[in-house]
Structure formats: structure tokens, C-alpha cells
2 protein chains.
Amino acid sequence: MNYGEARKRFIDAWGTLGSSWGISRTEAQIHALLMVSPKALTTDDIMGQLGISRGNVSMGLKSLQDWGIVFKEFEPGERKKFYRTEKDVLKLATQVAKERRRREIEPIIDMLSEVGDVKDANVSKEQLEELNKMTAALSDFANQSDRVLSQFIKSEKGWFFKTMMKLFK
Amino acid sequence: MNYGEARKRFIDAWGTLGSSWGISRTEAQIHALLMVSPKALTTDDIMGQLGISRGNVSMGLKSLQDWGIVFKEFEPGERKKFYRTEKDVLKLATQVAKERRRREIEPIIDMLSEVGDVKDANVSKEQLEELNKMTAALSDFANQSDRVLSQFIKSEKGWFFKTMMKLFK
DNA sequence: TTTAAATTTCAATAATTATTGAAAATACAA
DNA sequence: TTGTATTTTCAATAATTATTGAAATTTAAA
């Protein structure tokens, strides 16, 4: 397979995958492009290479910066800004996990503690018990996941997989 | 908080969360409803309680069955079918992880191995190296994630968290 | 400052995805 | 079987989300 084809396949696949970790197709494509680019790119580079509008690129870069995986750079003498991405795949996964935790797990933990223990005379004991049982189980699970994820985030490069590999022989 | 409010909050929050693990809002709400229902429900129960159409419920139940987290049940003497969900939260997470692996990680591994090692004379050495470096890194990462996930799936209840907790002290 | 390049915003529109509801298909008691 | 309850499918439509492009804003060199 030649360079052009491979590059296209890579960007497309990354774009499709994006939706499964909560990033839009275009954002994931911008990210993929930055992943395979040896040097930082400008807005115009990205517009040209992906064939999308200036506004779209601007919004995509903003979102990727909010995720903490793309960074803006100044080049002395250049008026345009340059963008690069984190290329260490483990750091990338860690950063995404950290953000997802903040965006997804935390609100669920909040909801569950708010719902708390329900008491209500106008409802069957069975229904009450079921709701309480489910909120308690989810609360436990969310807290445990949160703790595991926190540790994963704190862990330094290599540690996680080294440990895992040892565990799984 | 009374039963009705708590139940509503629970279903809404679960619905919102759904999108982050690749399930539509309605599907996640059907799932939440089954989670807090002591007994299996019929299509009409679900239509009534969520206020959505018959077709929507039918499609939602189909998708949840494809995910392997909702099951159809016969009741002797009853013409209607009843639906229940897996209520063990860890089993639920395991089943979702298994499906996601199949749907997301496997295609990426396939793509990466297809792209393979690129050789191309018409492109700078730097560009070639960058693409090869990224595909190799992602390939490693995807394979490792896949292996960890496989083991997680094979593990029985309790094992994963017990080990984790020991590890993290 | 002033000027022009660069970036961001956002209303309009396009594209995609979800939902309905009724017709077709299926399941099952009699 | 036949008749009817139940479920599924799917074309039409609604709702949502993504994208454009040009005006407004910001940035920095002169």
C-alpha cells in the first residue's frame, strides 16, 4: 500500500472511531491528520488536506484543545498559529480517560447521591426496593470505576501495562 | 425525594449517559426502565411509561438484545412477550465491554494491519516515518487494550476489582 | 496607533439520525 | 387450519447535529 492510500485509510478509520469516544468525525480526522504530520500544521493546512471549511476547522481545533490533546504553538516570525497533538498514545488515552471521567462519571455519581434513599408510601415496597437497589449498585460501580480510573490517570507511563502484563502472564 | 421524581431522574440520567457508550437516548431509557422494574415488562408497558411509539420500542428492544443486555421471555398463558434486563452491574459492564471490543477495537486492528508498513518513493522520509510510527504505536496499543479487555471479560465476578483494589492498596 | 492578516463566531443550511404510525409479517389460541 | 393479538418493518417526517461562509473580532507587524 502506498503512502497516500495508507494515510487516507488511517484518517478515515480514526474519524469513524472518534464517535465512539465522544468526538465528532471531523474532530477525529483533524486529530488523525495531526498524528501523522511530522510538523505542526496551520488552519489552512488542515482545511486544504481535509477539504473542510475554515469555521469547521476552527471549531474542531477548539474542541480538541478542550479535550487537552491538541496544543497551539507560536512560531517566531510567523503570524499564523500552528497546531500539534500529543503523539504518545498512552498519554493520549490517559488524557481522554481523564476528560471522560469528568464529563460522564462525575455527573452520574452526583445524580445517584441526589436520588439517594427513596421513601414513599404510595408505591409498592417491591418497586421502592428495586429502585434503591439499582441506585446503590450503580453508585458502588461508578465509585469503583472512578477510583480505578483515577489511579490509571495518576500512574506514569508504562506502569499500567507492565503491571497488567505481569498479572496476565 | 419521592419515588416518582427519583425514578424520573434515574431514567433521564441513564438516557443522557447512553450516548457515551454508543446507545441512543431512547434505548438507554428503555434499559433504565427495565433496570428499576421488579418484573419483566411488555412493549405496551414501556410505550406507556416512556411515552414513545410502538415502533420505537420495538427497535430499541431489538438493539438492546443485540447488545446482549436485554432478554425476551415467554410467560405461559400470555400472548405478549416480556422483556427483562441483566441487573448485575458488573455483568452489564462486562457485556458492553465485550460488544464494544467487537465493534470498535477489532476493525481498528484490522485497518492497522492492512495499512502495514508503507514504502513510497514519492514522499519525504520524514512523512513516511511519521505514518509508520503512528500506525505501529496504535497497533501496539490496540492489541494491548484488546488483551486486557479479553481477560477482563473472561474474569469472573469480583476478580477484577479485588485484584485492582489489592494493586492500588 | 493603523492596517491587514488571522481567527472566531454564528445564523443559515445541509446532512444525519431518531421517531412515528400504519401496513405487513408473525405467532399462537381455539 | 382460521382469526386475532402481537410484533416488526419501513417510508415519511421530525428532531438533532454538523458544516459552511461571511461578518465581527482579535492579533500582531509596521
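Definitions and limits used
- Residues numbered from 1 in each chain as written.
- Chains lettered and ligands numbered in written order.
- Predicted model: local features only at pLDDT ≥ 70, side-chain atom pairs only at ≥ 80, totals over all residues.
- Heavy atoms only, no water.
- Near = heavy atom within 4 Å.
- Polar contact = N/O pair within 3.5 Å; in protein donor to acceptor, adjacent residues only side chain to side chain.
- Helix = DSSP H or I, 4+ residues; strand = E, 2+ residues; numbered from the N terminus.
- Phe/Tyr/Trp six-rings, centres within 6.5 Å; stacked < 30°, edge-to-face > 60°.
- Buried < 20%, exposed > 50% of the residue type's maximum accessible area, 1.4 Å probe, protein only.
- Expected span 1.5 Å × (residues − 1).
- Arc of directions from axis to C-beta.
- Contact = heavy atoms within 4.5 Å.
- Nonpolar A, V, L, I, M, F, W, Y, C, P; charged D, E, K, R; others polar.
- pLDDT = per-residue confidence, 0-100.
- Axes fitted to C-alpha atoms, helices over the stretch in contact; angles between N-to-C directions.
- Parallel < 35°, antiparallel > 145°, perpendicular 65-115°, else oblique.

### Re the protein's contact with DNA strand C
Looking at DNA strand C, there are 20 residues lining it, with A:Arg79, A:Lys81, B:Thr26, B:Ser53 and B:Arg79 nearest. Each atom of DNA strand C within 4 Å of the protein belongs either to a base or to sugar and phosphate, the latter forming 62%. In the model, a base oxygen of DNA strand C is placed 3.0 Å from a nitrogen or oxygen of the B:Arg79 side chain. The side chain of B:Lys81 places a nitrogen or oxygen atom 3.3 Å from a phosphate oxygen of DNA strand C. The set of elements that each furnish at least two residues to the surface near DNA strand C consists of helix 4 (54-66) of chain A together with helix 2 (25-36) and helix 4 (54-66) of chain B.

### Some thoughts on the packing of aromatic side chains
All names here are of chain A. What the rule picks out here adds up to two aromatic pairs over all chains. Arranged with centres 6.2 Å apart and planes meeting at 5°, the rings of Phe10 and Trp14 form a pair that is stacked. Within this pair, Phe10 and its partner Trp14 are both found in helix 1 (residues 3-18), separated by four residues, close to a single helical turn. Here Phe10 matches Trp14 in class, with each residue buried.

### Some thoughts on helix 4 of chain A
All names here are of chain A. Between the first and last C-alpha of helix 4 there are 18 Å, a value that for 13 residues agrees with the 18 Å anticipated at 1.5 Å per step. If you check which residues of helix 4 are buried, you get Val57, Gly60, Leu61, Ser63 and Leu64. Mapping the buried residues of helix 4 onto a view down its axis gives an arc of 160°, with all of them on the same face. What points out from helix 4, more than 90 degrees from its buried face, is the exposed set Met59 and Lys62. Next to the buried residues of helix 4 lie helix 2 (25-36), helix 3 (43-50), strand 1 (70-73) and strand 2 (82-85). Positive backbone phi, approximately 80°, marks Gly68, located one or two places after helix 4.

### Examining the protein's contact with DNA strand D
In the vicinity of DNA strand D there are 20 residues, among which A:Thr26, A:Ser53, A:Asn56, B:Arg79 and B:Lys81 approach most closely. Sugar and phosphate atoms represent 58% of those atoms of DNA strand D found within 4 Å of the protein. Measuring from a phosphate oxygen of DNA strand D, one finds a side-chain N or O atom of B:Ser58 at 3.2 Å. Of all the secondary structure elements, the ones that give two or more residues to the surface near DNA strand D are helix 2 and helix 4 of chain A together with helix 4 of chain B. Top contributing element to the surface near DNA strand D by residue count: helix 4 of chain B, with five residues. Its residues placed into classes, the surface near DNA strand D shows three nonpolar, eight polar and nine charged.

### What about the confidence of the model for chain A?
Residues and elements named next belong to chain A. The predicted model of chain A averages 79 in pLDDT, with 79% of residues at 70 or higher. The lowest-confidence element of chain A is helix 7 (residues 159-168), averaging 38 in pLDDT; the highest-confidence one is helix 3, averaging 98. Here residues 151-169 scores under 50 on pLDDT; set against residues more than four positions off or in separate chains, the count is 29 contacts.

### Considerations on the environment of B:Met134
In this structure, B:Met134 sits in helix 6 (residues 125-154). Looking at B:Met134, the relative accessible area reads 2%, which means it is buried. Here the alpha-carbon distance between B:Met134 and B:Leu112, two residues 22 residues apart in the chain, equals 9.8 Å. Leaving out residues up to four positions away in the same chain, B:Met134 has contacts with A:Phe10, A:Met35, A:Val36, A:Lys87 and A:Val89.

### Notes on the packing of helix 2 of chain B against helix 3 (residues 43-50) of chain B
Residue and element names in this part refer to chain B. At a minimum axis separation of 11 Å, helix 2 and helix 3 run at an interaxial angle of 110°. Classed by the angle they form, the pair helix 2 and helix 3 counts as roughly perpendicular. Together, Gln29, Ile30, Leu33 and Leu34 of helix 2 and Ile46, Gln49 and Leu50 of helix 3 make up the contact between the two elements. Of the residues assigned to the contact of helix 2 with helix 3, the class counts are five nonpolar, two polar and no charged.

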